[in-house]
Amino acid sequence: MSDWTDCLDFGVSIAKQASETVLAAFLLQKEVQLKSSPADLVTETDQRVERILISAIRARFPLHRFIGEESVAAGEPCVLTDEPTWIIDPIDGTVNFVHRFPFVAISIAFTVNKQTEFGIVYSCVEDKLFHAQRGRGAFLNGEKLQASGQEDVSKCVVVTEIGAERDDLALSTMTSNILRLLQLPVHGVRALGTAAVDMCHVATGGADAYYHIGMHCWDIAASAIIVQEAGGVVMDTDGSDFDMMSRRVIAASSTSVANSIAQVVQAFPCRRDDEDPTRCVCGAAGVKGV
Ligand SMILES: O=P(O)(O)O[C@H]1[C@H](O)[C@@H](O)[C@H](O)[C@H](O)[C@@H]1O
Ligand SMILES: [Mg+2]
Ligand SMILES: [Mg+2]
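Residues numbered from 1 in each chain as written. Chains lettered and ligands numbered in written order. Predicted model: local features only at pLDDT ≥ 70, side-chain atom pairs only at ≥ 80, totals over all residues. Heavy atoms only, no water.

**As for the coordination of the magnesium ion (ligand 2)**
Let me state the cut-off plainly: Because water is not among the atoms used, a metal site may look incomplete, as its donors are only the N, O and S atoms within 2.8 Å, or 3.2 Å for Na, K and Ca.
Protein-derived ligands of the magnesium ion (ligand 2) are Asp 89 (OD), Asp 92 (OD) and Asp 219 (OD), with the metal-ligand distances lying across 1.8 to 2.0 Å. Taken in sequence order, the residues that donate to the magnesium ion (ligand 2) follow the motif D-x2-D-x126-D.

**Brief notes about the coordination of the magnesium ion (ligand 3)**
Just so we agree on the cut-off: Accessible area is worked out with a 1.4 Å probe on protein chains only. A residue is then buried under 20% of its type maximum, exposed over 50%, and partly exposed in between.
Protein-derived ligands of the magnesium ion (ligand 3) are Glu 69 (OE), Asp 89 (OD) and Ile 91 (O), with the metal-ligand distances lying across 2.0 to 2.2 Å. Considered as a linear motif, the donors of the magnesium ion (ligand 3) on their single chain read E-x19-D-x1-I. A separation of 3.5 Å is found between the magnesium ion (ligand 3) and the magnesium ion (ligand 2), which share Asp 89 as a coordinating residue. Each member of the pair, Asp 89 as well as Ile 91, is classed as buried.

**Observations concerning the pattern of salt bridges**
Cut-off, in case you're wondering: The working definition used for a salt bridge is a side-chain nitrogen of Lys or Arg within 4 Å of a carboxyl oxygen of Asp or Glu. Secondary structure elements are defined from DSSP: runs of H or I of at least 4 residues count as helices, runs of E of at least 2 residues count as strands, and each element is numbered from the N terminus.
With the rule as written, the count across this model stands at 14 salt bridges. The closest approach of N and O atoms between Glu 126 and Lys 128, which form a salt bridge, is 3.4 Å. The class for Glu 126 is partly exposed, based on a relative accessible area of 26%. The salt bridge involving Asp 236 is made with Arg 248; its shortest N-O contact spans 2.7 Å. You can see Asp 236 sitting in the loop between strand S13 (233-235) and strand S14 (248-252) and its partner Arg 248 sitting in strand S14, a full twelve residues away along the chain.

**Let's talk about the sheet that holds strand S3 (residues 65-68)**
Worth spelling out the cut-off: At least two DSSP bridges between two strands are required for those strands to pair.
With mixed pairing, the seven strands of this open sheet are ordered in space as S3-S4-S5-S6-S7-S8-S9. Looking at strand neighbours, the two that pair on one side only are S3 and strand S9 (143-144), the edges of this open sheet. Pairing between strand S7 (residues 128-133) and strand S8 (residues 138-140): three bridges, direction antiparallel. Residue Ala 132 lies in a different strand from S8, and its bridge partner there is Ala 138.

**A word on the nonpolar core**
Formally: Note on terminology: a nonpolar core comprises buried Ala, Val, Leu, Ile, Met, Phe, Trp, Tyr and Cys residues joined through side-chain atoms within 4.5 Å. Residue ranges for the domains originate in an automatic or database domain assignment. Whether two residues touch is decided by their heavy atoms; if any such pair falls within 4.5 Å, the residues are in contact.
Of all hydrophobic cores here, the largest spans 37 residues; its most connected members are Ile 87, Val 121, Tyr 210 and Ile 226. When contributions to this core are tallied by element, the ones reaching two or more residues are strand S5 (105-112), S7, S8, helix H6 (195-204), helix H7 (217-229) and S14. Examining the composition of this core, we find that eight residues originate from one element, H7, more than from any other. Here this core gathers at least three residues from each of two domains, domain 1 (5-144) and domain 2 (153-264). Other than its neighbours up to four places away in sequence, Ile 226 contacts Gly 119, Val 121, Phe 130, His 131, Ala 132, Ala 138, Leu 145, Cys 200 and Ala 203. By size, the runner-up hydrophobic cluster in this structure holds 31 residues, among which are Trp 4, Leu 8, Ala 18 and Phe 66.

**Examining the sheet that holds strand S12 (residues 209-213)**
Spelled out, the test is: Angles here are taken between N-to-C directions and fall from 0 to 180 degrees, while the axes themselves are lines fitted to C-alpha atoms, restricted in helices to the stretch in contact.
Taken together, five strands build an open sheet; the order of strands is S11-S10-S12-S14-S13 and the sheet is mixed. Edge positions in the sheet fall to strand S11 (188-190) and S13, since each has one partner strand and no second. Neighbouring strand axes in the sheet, compared pairwise and without regard to direction, differ in orientation by 20° on average. Both S13 and S14 contribute to a ladder of three bridges, which runs antiparallel. Looking across to S14, one finds that Met 235 is bridged to Ile 250. Packed on one face of the sheet, helix H5 (residues 168-182) meets strand S10 (157-160), S11 and S12 and runs near 155° to S12.

**Some thoughts on the UniProt feature "binding site: Mg(2+)" (unreviewed entry) in the protein chain**
To keep things clear, this is the line we draw: UniProt positions are given in the numbering used here, feature names are shortened, and annotations may be inferred rather than shown by experiment. The term polar contact refers here to a pair of N or O atoms within 3.5 Å; inside protein, the definition further demands a hydrogen-donor-capable atom paired with an acceptor-capable atom, and it admits residues adjacent in sequence only when both atoms are side-chain atoms.
UniProt records the feature "binding site: Mg(2+)" (unreviewed entry) for Glu 69, Asp 89, Ile 91, Asp 92 and Asp 219 in the present numbering. In summary, the annotated positions, though distributed over 151 residues, converge in three dimensions, the widest C-alpha pair being only 9.5 Å. Examined against the element boundaries, Glu 69 turns out to sit in helix H3 (residues 69-73). Setting aside residues no more than four positions away along its own chain, Glu 69 makes contact with Lys 35, Glu 50, Ile 88, Asp 89, Pro 90, Ile 91 and Trp 218. Exposure remark for Asp 92: the relative accessible area of 5% places this residue in the buried category. Discounting residues that sit within four places of it in the chain, Asp 92 has contacts with Phe 103, Val 104, Ala 105, Thr 194, Ala 195, Ala 196, Val 197 and Asp 219. A polar contact of 2.7 Å, which involves the side chain of Asp 92, links it to the side chain of Thr 194.

The following block contains the structure:
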């Protein structure tokens, strides 16, 4: 049975190569386009990095499939099959990238039979390479990672993201979630602006939990296995099993902390990543396809 290490090694090498494109543009003025909201940005660099990654992988592994953030934005389907699949976020933290806020990451996950075999999150400006391979542990620049193991939510630093949604229901849900957490209380709430790196800090033990509603599979598919391989727990915000297409996640140091967060965090309606956007009505006022 393949252990996919050759794919992992190739993924690490192209993430580092592609980061040169991110860093070359990081301090430059950027042309910005909007996607689903005034806070959901994309630049030509996001699109170019995704093309670089996918063409390099396709040349080496021509039968593999892809789910890429900017390919999906351009109309490609977001459907996970049993085939070997690379799930790519070329720049996680595009708002940070546009503003030169130094937390931007390339996130690459690899699945076979819908099971994640490895995840790579490369925080380019920090030069921090997080990776994990199923059953073989999680690492930061080669050093093994261990989640904090914290069991008491009142002793936790919790990371989250406010996301790109700007409708009243999403904003009131997200802000009331933060208020309810602070009232538990928790030691602190943080947000770096990149879901992938946020979640990797649970694997380092520097944070004890992460939760998010509204992110996409490409934001968290790689960091989910990194947390799990560091001894953390990943689940849906309703306490059910993690489903990378659901657009809801809790990653935590322990099951008890994850369950405590699931009890106070409420979700707002989001279309699943793998739902046909032409056939769904959801969101605050049943806004089509958000
Ligand atoms: O669009 P990119 O790839 O930058 O991903 C970010 C999302 O856009 C945010 O909504 C979300 O809140 C996270 O910040 C996520 O990292
Ligand atoms: Mg992202
Ligand atoms: Mg992105």
